[in-house]
Amino acid sequence: MNWRSIRAYNSSQNNAFEELVCQLARNEKNDAYVKFTKLGAPDGGLEAFWKLKDNSEQGWQAKYVFSIEEAIAQANDSFRTALNTHPELTTFILAVPFDLPDPTYERKGKVIKSGRKKWEDKVKKWKEDAKKLNREMEIYLWDASTLLTKLEKPENEGLRYFWFDKEEFTNQWFNNNLDNAICDLGPRYSPELNIPLQISQNFKYIRRNGETYLSVKKLARKINLFFTDFERLVINYSSELTESIYEIKKKIDNLEILLELDGYEEMKELPLQEIEVTFSEINDLCDNIVDEIREQLQEKFYESRIYKSYRNLGDILYEGQTLFADNFKLLNNPFVLLYGEAGSGKSHLLADICVQLKNNNIPSIFLLGEQFSSINSPREQIRELLQITLDFENMLGVLNSIGQVKGERILIIIDALNEGDGNILWPKYLPGLVNQIKKFPWIGFIASVRSEYKEEIIPKELINSFVQIRHTGFDEMADYACDSFFNYYDIAPEVPVLSEEFTNPLYLKLFCESYDKNKQYCGLPGLSDVFESYTDNINLKLSKIDNFGYDESLNRVHDSIHAIAIKMVEMNSYALTYRDATDIIREIDKKYNIQNTTRYKSFLDALIKENIFKCNRRYREKEKYVSFSYEKMRDYYLVYYQLMKKPEGERIDEYIRNSPYFSDVFEKRPFAKLNKITMLSLLLPEIYDVELMQCVPDGKIPRFFVECFLDSLIWRREKRINPKIVDWVKDICENDGELRNIVVKHIMNLCALP
């Protein structure tokens, strides 16, 4: 092994050698060792040390020099410093990247000491120096041969590969693999439209780095500060409560010890449950004291300083208890299953996590589920995707070593397990893969899956091995997300927010792109424009030669939506069985004589994965059902095809009144059918140039009809209104001030559009 070719760390081979020695020292652990500590600069004479059960210390010093004279000269100062700064030090180990020449020889008649003799003399001198301080010291040398022997151990193979192979696992290698994966994601990752969501904060805990540790120390200081204030105020109020305060003080002291998080840096199991319980016990004891004081002070209690102090202490205790009960689970269990509806932003979130890590010089592995097939073990496929020569076990060893160097876990992320052959591959291989990764404490694993596929892909016996996190899209900040997207696409702020649909990042993006495309024509696109743009994008993707390879103009996506919506209309149902939906799509395939030569199992599978439809099981049913992914899209197409069923020659108002599907819109209870009424208000004028209010049987227009009519205006292709309808609305609003205000608001929105 060529020690002069060790991979540089922090632009220095000297730093690299010191880091390698620390890693080998860490791996020396046995039953006598209690705690390993790696020291930074200045190092106090040691690079690292183990604390033993008898409280003694065993320390290491590394010198990246290639002669015994230089090594002894530099180590001399280190040894003396270590004696002074480590009073419990009993063993000193010096590591050097060369072997000592043994024989003594003569030069020009003069006896020259060998390197080994020089070392032995220096060891003797150091031991004597220690003895003068009443210290017994064991001193050893880790020379090149000793280091090589340790590196050849199976558990250190990853270390050897990382430090001495310069082609793989470099920063550039990691960055190239990440860039390739993000490129394959395509529009699913849009860094220019990144919305900071609270969910992203959860993933910093899986890394278990110094930032989280410092946040715990900050929490401990706050608890101590607030309790000291609370303690003083309570005792000043009544000395009879001293004993109760003392009970809390004992719990606080115990909590302070627990919050030291002993073993945090070594990835040891942390007593999270004990900490959570201690938080709860302290909170209960504080409540008991406060209840007693409140009973005595009555209303004046809420004006007292004790109450304010109690609130401060209670808030910080609640914060701590919540952190350790929920978020901090990832400190002990670095296995995350991210799930959510189609288009909710799972891929974007995971890609962005990797990009942020890259920006902080922390590597990660990011893989896409669509890249895997069922023909081979995922371990082999990962090796091929990353183009590495190591086997999977040794790859994990390298990543584990990098984690030790960086001081935090390295993340392996597989996005969208439901893609490709995921339903075949992962139920078979995921349990073993997770079990294998668990052996490496400096690695974290994140996988994502669509909600409806979770039970199918994740084996029941494995699900509890994961910390499950649900991605709800922009639910927590839909308005902010819309503002950001609208600003990016230069969309007028008056555009109404589709509260349900716009919480889905993919849908919001496609809407904005549709709007952007329609600016040159009529400003705000109609709802039909949005859906056409959405489906056209997917049709373009699926028509590519590497997917289904058909002419884009055939628009198989439109034909499939058309056929399935018509079947739903015929069955008066919002969902079809998977079998029925499959048969419908197969008939379309026969029509165009197109064969499936893609990674999708079928065209229906493609439509599900591309978020036109969703597929799930009903409670206690084995049969799978297919329905539209978006409620508004479903209502639009079902109402559209119901209207298209009107017999030729029949008046549309008569058809609406007599149709079993539409008859309920005229009933008094509107709430269950407002979406249907809104879609009728939208589509009737576009298809038949008739307003819904013209179809009301007795001419008495209910208020909710007017509201649905107003909601539909901004989503019409043609933002015009029949003058007669305007007169009707005026009449209805004449004695209804609230409705008049609603009308004015909608008209103002229309006036503000380009």
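One structure accompanies this document, and this report is about it.

Comments concerning the overall build of the protein chain
For the protein chain, the count of helices and strands is 30 helices and 15 strands. Its C-alpha atoms give the protein chain a radius of gyration of 35 Å, clearly above 27 Å, the size a compact globule of 754 residues would have. Across the 754 residues in the protein chain, those meeting the buried criterion constitute 53%. Taking the contacts inside the protein chain whose residues are at least 6 apart along the sequence as the reference set, 71% of them involve residues at least 24 apart. As displayed, the protein chain offers around 36,400 Å² of accessible surface, 47% of which is attributable to carbon and sulfur atoms.

As for the pairing of strand 15 (residues 624-628)
Burial runs high along strand 15: five of the five residues are buried. With two bridges joining them, strand 13 (residues 576-577) and strand 15 adopt antiparallel strand pairing. Across the sheet, Thr-577 pairs through a bridge with Tyr-625, a residue of strand 15.

A look at the packing of helix 22 (residues 556-571) against helix 25 (residues 631-644)
Contact pair helix 22 / helix 25: the axes reach a minimum separation of 9 Å and the direction vectors enclose 75 degrees. What the angle tells us is that helix 22 and helix 25 run roughly perpendicular. On the side of helix 22, the interface is formed by His-558, Ile-561, His-562, Ala-565, Ile-566, Met-568 and Val-569, while helix 25 contributes Tyr-637, Leu-638, Tyr-641 and Gln-642. Of the residues belonging to the contact of helix 22 with helix 25, the class tally is eight nonpolar, three polar and no charged.

Quick notes on the nonpolar core
Phe-169 and Phe-445 are the most contacted members of the largest nonpolar core, which has 214 residues in total. Among all residues touching Phe-445, those that are not within four sequence positions of it are Ile-206, Pro-334, Phe-335, Val-336, Ile-412, Ile-414, Leu-430, Leu-433, Val-434, Ile-437 and Phe-466.

Things to note about helix 8 (residues 210-237)
Between its terminal C-alpha atoms helix 8 stretches 41 Å, which fits the 40 Å expected from 28 residues at 1.5 Å a residue. Looking at helix 8, one finds that the buried residues are Thr-212, Val-216, Lys-217, Leu-219, Ala-220, Ile-223, Phe-227, Phe-230, Leu-233 and Val-234. Close packing links the buried residues of helix 8 with helix 7 (199-207), helix 9 (242-258), helix 10 (272-297), helix 11 (305-327) and helix 12 (329-332).

What counts, and at which threshold
- Residues numbered from 1 in each chain as written.
- Predicted model: local features only at pLDDT ≥ 70, side-chain atom pairs only at ≥ 80, totals over all residues.
- Heavy atoms only, no water.
- Helix = DSSP H or I, 4+ residues; strand = E, 2+ residues; numbered from the N terminus.
- Rg over C-alpha atoms; globule rule 2.2 N^0.38 Å.
- Buried < 20%, exposed > 50% of the residue type's maximum accessible area, 1.4 Å probe, protein only.
- Contact = heavy atoms within 4.5 Å.
- Areas by Shrake-Rupley, 256 points an atom, 1.4 Å probe, with all protein chains shown as cover.
- Pairing = 2+ DSSP bridges.
- Axes fitted to C-alpha atoms, helices over the stretch in contact; angles between N-to-C directions.
- Parallel < 35°, antiparallel > 145°, perpendicular 65-115°, else oblique.
- Nonpolar A, V, L, I, M, F, W, Y, C, P; charged D, E, K, R; others polar.
- Core = buried A, V, L, I, M, F, W, Y, C linked by side-chain atoms within 4.5 Å.
- Expected span 1.5 Å × (residues − 1).

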